[in-house]
Amino acid sequence: MDERENAARKFLIGAQNADGGWSYVPGGTSSPESTCYALMAGAPTEGACWLMAHVHGDAIALDGDNEPHWTTSLAVIALGGNNGLQRRLVKWLLTCEGRKVAMGAEVAMDGNLRGWPWATGCFSWVEPTSYALLALKLHGQKNHPRVAEGERLLLDRVCADGGWNYGNPKVMGAALPSFVPTTALAVLALQDVAPARDVVTRALQFMNIEVRKRPSDLSLALAILCFNAFGMAKAELVEALARRQRTDGSWQGQVHLTALAVLALEASGEARNVFRLPK
Amino acid sequence: MSSDCQNNKYRFSRRKFLRLASLAAGGVGVGMVAEHWLLRNRQPAAGVTIYKAESYGAALERLIREGLQNYPRVLERVRGGRVLLKPNLIEYYDAWRVNTHPSVVMAAMDAFRAAGAREVIVAEGPGHQRDTELLLEESGLGEVLRSEKAKFVDLNLDSIHPVTLTTNYTRLGRMFFPAAVLGADLIVSLPKLKTHHWAGATLSLKNMFGTVPGVKYGWPKNVLHWHGIHESIVDINMALKPGFAIVDGIEGMEGDGPLRGETVQSGVIIMGDDLTAVDATAARVMGLYPERIAYLTMMLAHGGTVNEGRIRQFGETVLNVRRDFRVIDRFSFLKQPSPWRDFVRGL
């Protein structure tokens, strides 16, 4: 696997923009998500300077924008350490919250629970909430009340098939199906929540079936990271992900996917799992 | 004495109030009629093409090529230009029912290439799913893109740039859009003919929601709902000005669309260069009154055409292909004409 990881890292190094950041597809404008994932995958650390230059107020912002961006939680994970900047980002995460909404009967969820939104002033959704929970838990905020509320929100949004979609289990009375990537992120965010064990077990079963039925680079990489966090080796998934690598070392020519794949391959080699929470 | 005075005063005030109220109501009524009348007569002439196409195996490319001949100004923009096709690619489950069929995308691609486009790209930014690879494979569009050697741009992940909103109904002031969309010479909306449980109907204007980048606004693009679906539809379309639309109405969706409704074998392709007129015609084909769809009436103030009398029909007539699409209860009013309609018509 080292060869594959090295080829992928070469791709990442070659894809780095002159400003130090990474875009989703080489040649584009640097974006915080790709830069965070490239950093997590061990790409050159100039990316950290790009991220730091994109802190507006106490949150990450996109180029040409000054609104707080949902990738602030990813930056907390990617930058690591416990310095003044980290503390500012964590503090902002604790103040950021999704909008509360009075729900009609056709939508089966508790609109009063506060998680994290994609954009300021909006409702809370599964992916930004999962990333925020992981960032806060990895930075000593496991016992903060916002973390407990975020966990409750995820548990409130479980779909009938056992996993999670973007955060809407039912609409107009009809159950909506789950997706593997969002299920993996939610499960990773709940990996240390003992009362959620049954829900998590069911979600892992859903993922195990679904990722084989409809594999994709994104679902395979996140599922591997997720199974690994629970000590469940899935060699055939790792093989499937490895087979999908392109000759240029990338997955689909995308930075964010390639970095995720590197993290998954790394985790499968028992080196480290960036999303594994301390016991 | 004092009490009498107060009563007189009270009576006078009430009379005055009623007089003022009736004047105001009359003023509002005259204003509304005048607005309807002005909008009706101000609507520019438009042309919409309807062709019957009973199945996805039909000669779709030929139909689209023929249809394009009705729009010489569009053909001028196509020649040597970069055409961006924006299908509706929304979910992996029930993919054949909810997404624009790959055969329609392929036919459009071939027709625009044949019309002299320098490049035809397919681009979409799915609203729920970050896993675009999964959507492409499950919908069958991935296979078509490979066989046609066509470029696909995931608009959720493209480089983005801010655009000032000229209409600004959402009060967002500006919105970010993907570079691929901003750099296209012609944007072609390729929606599916469907009802929609929040907007009433989702057609070529609503389909442009998929150009809004997830990297900025998330999955789902919840900002658009908070700032008003109809308002967002108008702002996006006025910012990007898509120049052509081809509605996949071969199999439509009724009831709880855009995902959970039932398939209707509607057997049509509807196209044109005025997206408001295309959507108004598509709504009529669905048995809906387009004047009752908020975003369509909002587009009247921005050069769109809804009035049947102002839309020249090429190919089939609406009557020949009309189906009665079922709507959910909250949109039952779309099946009723506007109370002003007959009155204004008579003016």
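Here's what I pulled together on the structure shown here. Keep in mind it's a predicted model, so treat the numbers as computed, not measured.

1. Focus on the overall build of chain B
A tally of helices and strands in chain B yields 15 helices and 13 strands. Carbon and sulfur atoms make up 52% of the accessible area of chain B, which amounts to about 14200 Å² in all.

2. As for the nonpolar core
By size, the foremost hydrophobic cluster in this structure holds 215 residues, and its most contacted members are M40 and F275 of chain A together with L85, F112, I246, I270 and Y295 of chain B. Excluding its chain neighbours within four sequence positions, the residues that come into contact with I270 of chain B are V48, T49, I50, L193, A245, I246, V247, V278, T281, A282 and V285 of chain B.

3. Some details on the packing of aromatic side chains
For any two aromatic rings, the description comes down to two numbers: the centre-to-centre distance and the angle of the planes. Per the stated rule, a full pass over the model turns up 14 aromatic pairs over all chains. Pairing Y71 of chain B with F244 of chain B gives two aromatic rings, centres 5.2 Å apart and planes at 75 degrees, and the pair type is edge-to-face. Residue Y71 of chain B is located in the loop between α2 (60-68) and α3 (72-78), and its partner F244 of chain B is located in strand β10 (residues 244-254); the two are separated by 173 residues in the primary sequence. Note on Y71 of chain B: relative accessible area 3%, which makes it buried. Classification of F244 of chain B by relative accessible area gives buried; the value is 0%. With centroids separated by 5.9 Å and ring planes inclined at 45 degrees, the aromatic side chains of F331 of chain B and F333 of chain B adopt a geometry described as tilted. For F333 of chain B, a relative accessible area of 33% puts it in the partly exposed group. Grouped by ring-pair contacts, the aromatic residues F123, W125, Y166 and F179 of chain A together with Y92 and Y93 of chain B constitute a single cluster. The positively charged end of R130 of chain B is found above the aromatic ring belonging to W219 of chain B, 4.0 Å away from the centroid. Looking at K206 of chain B, its charged tip hangs above the ring of F209 of chain B, at a distance of 4.1 Å from the centre.

4. Let's talk about the interface of chain B and chain A
With 31 residues of chain B in contact, the opposing surface of chain A contributes 41 residues. Of the roughly 3000 Å² buried at the junction of chain B and chain A (both faces included), carbon and sulfur atoms supply 59%. Of all residues in chain B, R130, E133 and W226 of chain B give up the largest surface area on contact with chain A, accounting jointly for 21% of the area buried on that side. Joining chain B to chain A, the criterion identifies 7 salt bridges. Notably, a salt bridge pairs R214 of chain A with E138 of chain B, separated by 3.8 Å at the nearest N-O pair. Among the elements of the structure, α6 (132-139), β6 (174-178), α9 (214-217) and α10 (222-226) of chain B are those that each provide at least two residues to the side of chain B that touches chain A. Broken down by element, the residue count for the side of chain B that touches chain A peaks at 4 residues, all from α9 of chain B. Its residues assigned to classes, the side of chain B that touches chain A shows 14 nonpolar, 7 polar and 10 charged.

5. With respect to the packing of α2 of chain B against helix α5 (residues 102-114) of chain B
All names here are of chain B. As a packed pair, α2 and α5 sit with axes 8 Å apart at the nearest point and diverge in direction by 50 degrees. By the angle between their axes, α2 is oblique relative to α5. As α2 runs across α5, the sense of the crossing is right-handed. Of the residues in α5, those touching α2 at L60, E61, I64, R65 and L68 are S103, V104, A107, A108, D110, A111, F112 and A114. Tallied by class, residues from the contact of α2 with α5 come to 9 nonpolar, 1 polar and 3 charged.

6. Some details on helix α6 (residues 126-138) of chain A
All names here are of chain A. Under the 1.5 Å per step criterion, the end-to-end length of α6 is 18 Å for 13 residues, consistent within 8% with the ideal 18 Å. Where burial is concerned, most of α6 is hidden: 12 out of the 13 residues are buried. Those residues of α6 that are buried are in contact with α2 (32-40), α4 (72-79), α5 (84-95), α7 (145-156) and α8 (180-189). Positive phi shows up at G140, right after α6, with a value of about 70 degrees.

7. Quick word on the state of the cysteines
Such a bond, covalent and formed between the sulfur atoms of two cysteines, is termed a disulfide. Residue and element names in this part refer to chain A. A complete count under the given rule lists 0 disulfides over all chains for this structure. Cysteine C36 is unpaired, with the sulfur of C49 as its nearest cysteine sulfur at 13 Å. Overall, the relative accessible area of 0% leaves C36 in the buried class. No disulfide involves C226; its sulfur sits 15 Å from the nearest other cysteine sulfur, which is in C159. For C226, a relative accessible area of 0% corresponds to the buried category.

8. A word on the packing of helix α9 (residues 197-213) of chain A against helix α10 (residues 217-229) of chain A
Residue and element names in this part refer to chain A. For the pair α9 and α10, the least separation of the axes is 11 Å and the interaxial angle reads 145 degrees. Regarding α9 and α10, the two cross each other, and that crossing is left-handed. Facing α9, whose interface residues are L204, M207, N208 and V211, α10 presents S219, L220, A223, C226 and F227. Residues that form the contact of α9 with α10 fall into these classes: 7 nonpolar, 2 polar and no charged.

9. A few points about unusual backbone geometry
Residue and element names in this part refer to chain B. Looking along the chain, the bond that leaves W219 and enters P220 is cis, with omega of 10 degrees. Its place among the elements puts P220 in the loop between α9 and α10. Although it is not a glycine, N168 adopts a positive phi angle of roughly 55 degrees. Checked against the element boundaries, N168 lands in the loop between β5 (160-164) and β6. The exposure class assigned to N168 is partly exposed, which follows from its relative accessible area of 28%. At K241, a position not held by glycine, the phi torsion is positive, near 45 degrees.

The rules we used
Residues numbered from 1 in each chain as written. Chains lettered and ligands numbered in written order. Predicted model: local features only at pLDDT ≥ 70, side-chain atom pairs only at ≥ 80, totals over all residues. Heavy atoms only, no water. Helix = DSSP H or I, 4+ residues; strand = E, 2+ residues; numbered from the N terminus. Areas by Shrake-Rupley, 256 points an atom, 1.4 Å probe, with all protein chains shown as cover. Core = buried A, V, L, I, M, F, W, Y, C linked by side-chain atoms within 4.5 Å. Buried < 20%, exposed > 50% of the residue type's maximum accessible area, 1.4 Å probe, protein only. Contact = heavy atoms within 4.5 Å. Phe/Tyr/Trp six-rings, centres within 6.5 Å; stacked < 30°, edge-to-face > 60°. Lys NZ or Arg CZ within 6 Å of the ring centre and 35° of its normal. Buried area = accessible area lost by both parts, 1.4 Å probe. Salt bridge = Lys/Arg side-chain N within 4 Å of Asp/Glu carboxyl O. Nonpolar A, V, L, I, M, F, W, Y, C, P; charged D, E, K, R; others polar. Axes fitted to C-alpha atoms, helices over the stretch in contact; angles between N-to-C directions. Parallel < 35°, antiparallel > 145°, perpendicular 65-115°, else oblique. Left-handed = near helix turned anticlockwise from the far one by under 90°. Expected span 1.5 Å × (residues − 1). Disulfide = S-S within 2.5 Å.

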